[in-house]
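Residue-level listing of the chains:
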Amino acid sequence: MVGEEPIKPCPHMKILLSALADDTLTGVMRWFTEQHARGCTRCGSAVVHLRELRTQLRTLNTSSPIAGELRLSEERLTAVEVAWNRIDSNPPAPAIEE
Ligand SMILES: [Zn+2]
């Protein structure tokens, strides 16, 4: 990628390009879009960009927030356990009131 310049594919190709990146485009339209993307710099890089986005989204889905949360709470449980063990092995002097 060069700079932060947004990729602007040919307006009439946008839907076809995103379908191509999604792999939902088939037959003659797929062939036509691939041919165009090959010859058109903007549409070519748009397809690459769209495919990158799909991959990123897929990666995000596999490492779901629920899995992350479970991992976090497991760490917390361990921390709590360690803290409890410390208290058990070395109990603090009970506060004597009255
Ligand atoms: Zn184009």
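See the structure printed just above.
Below, the structure is looked at part by part. (Residues numbered from 1 in each chain as written. Predicted model: local features only at pLDDT ≥ 70, side-chain atom pairs only at ≥ 80, totals over all residues.)

1. Things to note about the packing of helix α1 (residues 14-22) against helix α2 (residues 27-39)
Two numbers describe how α1 lies on α2: the axes approach to 10 Å, and their chain directions differ by 105 degrees. On the basis of the axis angle, α1 is roughly perpendicular to α2. Contacts from Leu 16, Leu 17 and Leu 20 of α1 reach α2 at Met 29, Arg 30, Thr 33, Glu 34 and Ala 37. By residue class, the composition of the contact of α1 with α2 is five nonpolar, one polar and two charged. (Axes fitted to C-alpha atoms, helices over the stretch in contact; angles between N-to-C directions. Helix = DSSP H or I, 4+ residues; strand = E, 2+ residues; numbered from the N terminus. Parallel < 35°, antiparallel > 145°, perpendicular 65-115°, else oblique. Contact = placed C-beta atoms within 7 Å. Nonpolar A, V, L, I, M, F, W, Y, C, P; charged D, E, K, R; others polar.)

2. Concerning α1
Buried residues of α1: Leu 16, Leu 17, Leu 20 and Ala 21, and no others. Angular distribution of buried residues about the axis of α1 spans 135 degrees; they occupy a single face of the element. Opposite the buried face of α1, at more than 90 degrees from it, the exposed residues are Ile 15 and Asp 22. Remark: Asp 23 follows α1 within two positions and exhibits a positive phi of approximately 65 degrees. (Buried ≥ 20, exposed ≤ 12 C-beta atoms within 10 Å, placed from the backbone. Arc of directions from axis to C-beta.)

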